[in-house]
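Below, each chain spelled out in residue letters.
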Amino acid sequence: MMLGVDSLTYKYFMKCEARALLTLLDSTYRGVTENRDFVHPASAWATVLAGKPVKVQGYMMSPINLKVVEESGAVLINIPITNPTAGRLNIPMDSTTPLEAEVDAVTTNVLEAIEEAPVVAAITGLERLQLKDLNEICQAYRVIDGAIRKLVMKADEFIVFSPYGPRSGGTHDPYGVYLATRPRPNEHDTVKLWEIGDVFINMVK
């Protein structure tokens, strides 16, 4: 399973007492994603799933052929390369869907799909809702943390990552999260988005 949580950042793991994420931080391979050029969700996710840098203008009209999906045979769930999102779950990339509803739907769909195939899923609520109040942020982290606990317990192997950190001052933090049962591609370097797909392909072979 590969689960991307847009705008997730290590900064709030401790502040928000995200217990599952803190446990993963101590018990799995960890690293930092670095992404300065692909800060729109569609470009970021297309880069991850193509296994190479991909810049697109805004959201795609329809999903394109993506190397990582073709080689892994993965089921896509809620992937923000299109608007609404692509795959088995389709959520508009705006504030109309509450985070809890999205997380519940993603969790249900992943738990169903993971029995039959590798899964690539996204949680977009932190990106869509752009929370600024610490209490709201921590409530969101608790919801996401609970879902991650359920999903990683079900998966034989997993990657949990964010393609960038939270938005502030009109742009995104270029550094995100990488937690996985496989080490990052370069032990002493940050993880680039186009490297994550190859880790996933090797994971599911």
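Look above for the structure.
Note that this is a predicted model, so its numbers are computed, not measured.

K.L.:
Hey, could you go over unusual backbone geometry for me, with residue numbers and the actual values?
P.N.:
Residue Asn83 is joined to Pro84 through a cis peptide bond whose omega torsion reads 5°. One non-glycine residue with positive phi stands out, namely Ser7, at about 75°. In this fold, Ser7 is placed in the loop between β1 (2–5) and α1 (11–15). Judged by its relative accessible area of 5%, Ser7 is buried.

K.L.:
Before we move on, can you summarise the side chain of Thr28 with the specific residues and values?
P.N.:
Note on placement: Thr28 falls in the loop between α2 (19–27) and β2 (29–34). Among the polar contacts made by the side chain of Thr28, one reaches the main-chain carbonyl oxygen of Leu24 at a distance of 2.6 Å.

K.L.:
Could you give an account of the packing of helix α3 (residues 41–50) against helix α8 (residues 193–204), naming the residues involved and the relevant values?
P.N.:
Where α3 contacts α8, the axes come no closer than 6 Å and their chain directions differ by 40°. It follows that α3 is oblique to α8 by the angle criterion. In the crossing of α3 with α8, the sense of the turn from one axis to the other is right-handed. Note on element contacts: α8 touches α3 through Leu193, Trp194, Ile196 and Gly197, opposite Ala44, Thr47 and Val48. Taken together, the residues of the contact of α3 with α8 sort by class into five nonpolar, two polar and no charged.

K.L.:
Just give me the short version of the pattern of salt bridges, but keep the residues and values in it.
P.N.:
Scanning the model with the defined rule gives ten salt bridges in all. A salt bridge links Glu34 to Arg36; the nearest nitrogen and oxygen atoms lie 3.1 Å apart. Overall, the relative accessible area of 52% leaves Arg36 in the exposed class. For Arg182, the salt bridge identified is with Glu157, shortest N-O distance 2.8 Å. Here Glu157 lies in the loop between α7 (134–154) and β5 (159–161) and Arg182 lies in the loop between β8 (175–180) and β9 (191–192), a separation of 25 residues in the sequence. For Arg182, a relative accessible area of 26% corresponds to the partly exposed category. The structure contains a network of salt bridges with shared partners spanning Glu34, Arg36, Asp189 and Lys192.

K.L.:
Tell me about the layout of surface pockets, and name the residues and values.
P.N.:
Considered as a void within the structure, the largest pocket measures approximately 300 Å³ in volume. Lining of the largest pocket is provided by 15 residues; of these, Gln130, Leu131, Ile137, Pro166 and Arg167 occupy positions nearest its centre. Every element with two or more residues in the lining of the largest pocket is listed here: α1, α6 (125–129), α7 and β6 (167–168). For the lining of the largest pocket, the residue count by class is six nonpolar, five polar and four charged. Volume-wise, the second largest pocket comes out at about 220 Å³. If you go around the second largest pocket, the residues you meet are Met1, Ile114, Ala117, Pro118, Lys154, Ala155, Asp156, Glu157, Met203 and Val204.

K.L.:
I'd like a description of the sheet that holds β2, backed by residues and values.
P.N.:
The strand order β3-β4-β1-β5-β8-β2-β9 describes an open sheet built from seven strands, whose pairing is mixed. One side of each edge strand has no neighbouring strand; the edge strands of this open sheet are β3 (75–77) and β9. Where β1 meets strand β4 (residues 119–123), four bridges bridge the pair, whose relative direction is parallel. For Gly4, the partnering residue across the bridge sits in β4 and is Ala122. The sheet strands contacting α7 are β1, β4 and β5, and the helix crosses β1 at an angle near 175°.

K.L.:
Break down the state of the cysteines for me, with residues and values.
P.N.:
Taken as a whole and judged by the stated rule, the model has one disulfide. Note on cysteine connectivity: Cys16 is disulfide-linked to Cys138, with sulfurs 2.1 Å apart. Judged by the sign of its S-S torsion, about -70°, the cystine formed by Cys16 and Cys138 is left-handed. With Cys16 in the loop between α1 and α2 and Cys138 in helix α7, this residue pair connects regions lying 122 residues apart in the sequence. Of the two residues, Cys16 and Cys138, neither departs from the other in class, the shared state being buried.

Rules of the game
- Residues numbered from 1 in each chain as written.
- Predicted model: local features only at pLDDT ≥ 70, side-chain atom pairs only at ≥ 80, totals over all residues.
- Heavy atoms only, no water.
- Helix = DSSP H or I, 4+ residues; strand = E, 2+ residues; numbered from the N terminus.
- Buried < 20%, exposed > 50% of the residue type's maximum accessible area, 1.4 Å probe, protein only.
- Polar contact = N/O pair within 3.5 Å; in protein donor to acceptor, adjacent residues only side chain to side chain.
- Axes fitted to C-alpha atoms, helices over the stretch in contact; angles between N-to-C directions.
- Parallel < 35°, antiparallel > 145°, perpendicular 65-115°, else oblique.
- Left-handed = near helix turned anticlockwise from the far one by under 90°.
- Contact = heavy atoms within 4.5 Å.
- Nonpolar A, V, L, I, M, F, W, Y, C, P; charged D, E, K, R; others polar.
- Salt bridge = Lys/Arg side-chain N within 4 Å of Asp/Glu carboxyl O.
- 1 Å grid on protein atoms, 1.4 Å probe; cavity = no way out; pocket = protein on both sides within 12 Å on 5 of 7 lines; lining within 4 Å.
- Points joined across faces, edges and corners; volume = space filled by probe spheres on them.
- Pairing = 2+ DSSP bridges.
- Disulfide = S-S within 2.5 Å.

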